[in-house]
Amino acid sequence: MPMLSRIQAPATARKGEVVTVRILIQHPMENGFRYAEGGTGIRVPYNVVNRLTCRYLEVDVFQATMTSGIAANPLMQFHLLARETGELQFDWVDTSGERGSARHLLTVTA
Amino acid sequence: MKRRAALGTLGGALGIVSKAAITGAALGGLPVRVFAQGAPRDKTFAIPDLRPIREFINNRPVQRTRVFIDIASQADNGNSVPAVLNVESPMTETDHVKRMVLFSDKNPYAQMAHFTLGPFSGKASIATRLRLGGSQHLTLFAEMADNSLYADVVEVTVTVSACIDAA
Amino acid sequence: MVQRARRVSLIAAVLCGLVLIVLLIDEARSQAPPIRRLDVVRSGIEFAGASVRAMQADDFTNPGMLWVERGEALWKAAPASGQKSCAGCHGDVKTAMRGAATRYPQIDRATGELLNLEGRINQCVTQRQGAAALAYESESLIGLTALVATQSRSMPIAVSIEGVARPHFEAGQAFYLLRQGHVNLSCSQCHDQNHGRTLLAEPISQGHGNAYPIYRLEWQAAGSLHRRFRSCLSGVRAELLPQGSPTFLDLELYLAWRAQGLPIETPGVRR
């Protein structure tokens, strides 16, 4: 099942404007302490989205390294300077190796 | 010692005054209360003496100003606590935040998150939801372009659920 | 001889009279309107803290919306059996399902059984889509239930407890008023008599189901109303019944009647 995500960012911005970007990823962010269903006494292994990157115009404008200290279904809000029209490319990976990605086109007007 | 303390308090006062401006502007017009509601802070907490924090600081001086963790003083539920991590910085080529690192003195993993920023960020303000394993102190470090360190420490009370949930 | 006969007929008359009185009372009771124990009905969101309220109010940060999105994808997906997708029969979910959730649980006209939203969805999935029933707490069932329920957001709950539904309502009410578990508490004692007071640091709500399926911070996931029933039962140290059990369906109907007029809030966020 691919990781669901949603991005909230403006579709357009003026050049030089500071833009607010939000991303929400569906992921349990297992801390390794929760017991699995069924009363087997086995713990669900540690599995968190540990690296999230947002790339815009060949630059990594946001990089986050996370542990289980970030809540389940991680939400991240950050800012970036609108320079030119380009795609925000989000890529993330969890500790089990599963990858996810999402794109958002930002149109920048002069 | 006294002068540093006085400067620290002045910086703290300026921090609180500019906090409103930062959080209001940082959320790009979204209501501030969407993420967090920082209670007025009348106490200053020492940076917890933990090995991961000591290793990060690496004997550098830490200034207790410019950094502000906006988080409720009492969390509804430790599983998801909204927080806004703010650093006062013009974010220019010469004067910007390189990275922000958040530490917990209670969670199984001391380093909760590590963020890389730069002049391309425009604003040094990150909002997220934290998982807190109990009442604790959170420490946020901001490392500037010139490697100088600034920090903020906040205390959060986390209440336990009244009823056992075995569902 | 005559005296004894007179005594026997007197006793018989008294007994008949008593039986008649009992029958009359019983009939009166079954036709009596059900008792409303709440003066003002208030949604659980009013008892929640500021951060929970903010999380529910913002459709982007509300994690429950991720399950609604899953539901949207499933609504349009054709099952492996080759039958139509939900959209294939119902069309656009926004128009087709608008107001539907306000009338659940309800009696299925074809079978006479009490169905909640999950039950109705599974009826379609198994009988009309030829697929296996979706399990409670699965991404797919929560997703579809949340998708359907959210189409009725802000619309008031309006269930029927008449006719065939009435015995289910009575059974649900009886369970609600029953003291249970090691702690020996009934739902009513907390949610009717002590709502607004705190249990340790948590305010007790009135216990309505108008926001379900919810994203519960305690579960760190979305879950059904029946799962929440199980949470409460574990809290009073009573036996946990399975999701979808007849008792829970009856209780769900009683709660829906009790919450009449409250707007649906799905997907809710709760502590």
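The structure presented is a predicted model; accordingly, all values stated were derived computationally and were not measured.

Undergrad: Summarise the interface of chain B and chain A; cite the residues concerned and give the values.
TA: Each partner contributes residues to the interface: chain B has 30 residues there, and chain A has 32 residues. Of the roughly 2,400 Å² buried between chain B and chain A on both sides combined, carbon and sulfur atoms contribute 53%. In terms of surface lost to chain A, no three residues of chain B exceed F120, R129 and R131 of chain B, which account for 29% of the buried area on that side. Taken together, the connections running from chain B to chain A amount to zero salt bridges. Taken together, the connections running from chain B to chain A amount to 14 residue pairs in polar contact (both at pLDDT 80 or more). Broken down by secondary-structure element, the contributors of at least two residues to the side of chain B that touches chain A are β6 (111–116) and β7 (125–130) of chain B. Where strand β6 (residues 75–81) of chain A and β7 of chain B come together, two bridges link them in antiparallel fashion. Residue pairing in the sheet places M76 of chain A in a bridge with T128 of chain B of β7 of chain B.

Undergrad: Any chance you could break down the packing of aromatic side chains for me, citing the residues and the numbers?
TA: Tallied over the full model, the rule gives 13 aromatic pairs over all chains. With 4.1 Å between their ring centres and 0 degrees between their planes, F62 of chain A and F78 of chain A make a pair best called stacked. Of this pair, F62 of chain A sits in strand β5 (residues 59–66) while F78 of chain A sits in strand β6, and the two are 16 residues apart along the sequence. On the numbers, 5.0 Å between centres and 50 degrees between planes, the contact of Y176 of chain C with Y254 of chain C is tilted. In this pair, Y176 of chain C is assigned in helix α8 (residues 165–177) and Y254 of chain C in helix α11 (residues 246–258), connecting sequence segments 78 residues apart. Considered together, Y176 of chain C and Y254 of chain C belong to a single accessibility category, that of buried residues. Every member of this aromatic cluster is reached through a ring pair, and the members are F62, F78 and F90 of chain A together with F115 of chain B.

Undergrad: Describe the packing of helix α10 (residues 225–235) of chain C against α11 of chain C, with residues and values.
TA: All names here are of chain C. At a minimum axis distance of 11 Å, the contact between α10 and α11 shows a crossing angle of 100 degrees. Put simply, α10 runs roughly perpendicular to α11. When α10 is examined against α11, the residues L225, H226, F229, R230 and L233 are found in contact with a partner set consisting of F248, L249, L251, E252 and L255. Its residues assigned to classes, the contact of α10 with α11 shows seven nonpolar, one polar and two charged.

Undergrad: I'd like a description of the environment of L74 of chain C, backed by residues and values.
TA: Residue and element names in this part refer to chain C. Relative to the helices and strands, L74 is located in helix α3 (residues 64–76). Residues L74 and L144, 70 residues apart in the sequence, show an inter-C-alpha distance of 7.2 Å. Discounting residues that sit within four places of it in the chain, L74 has contacts with C86, S140 and L144.

Conventions adopted
- Residues numbered from 1 in each chain as written.
- Chains lettered and ligands numbered in written order.
- Predicted model: local features only at pLDDT ≥ 70, side-chain atom pairs only at ≥ 80, totals over all residues.
- Heavy atoms only, no water.
- Contact = heavy atoms within 4.5 Å.
- Buried area = accessible area lost by both parts, 1.4 Å probe.
- Salt bridge = Lys/Arg side-chain N within 4 Å of Asp/Glu carboxyl O.
- Polar contact = N/O pair within 3.5 Å; in protein donor to acceptor, adjacent residues only side chain to side chain.
- Helix = DSSP H or I, 4+ residues; strand = E, 2+ residues; numbered from the N terminus.
- Pairing = 2+ DSSP bridges.
- Phe/Tyr/Trp six-rings, centres within 6.5 Å; stacked < 30°, edge-to-face > 60°.
- Buried < 20%, exposed > 50% of the residue type's maximum accessible area, 1.4 Å probe, protein only.
- Axes fitted to C-alpha atoms, helices over the stretch in contact; angles between N-to-C directions.
- Parallel < 35°, antiparallel > 145°, perpendicular 65-115°, else oblique.
- Nonpolar A, V, L, I, M, F, W, Y, C, P; charged D, E, K, R; others polar.

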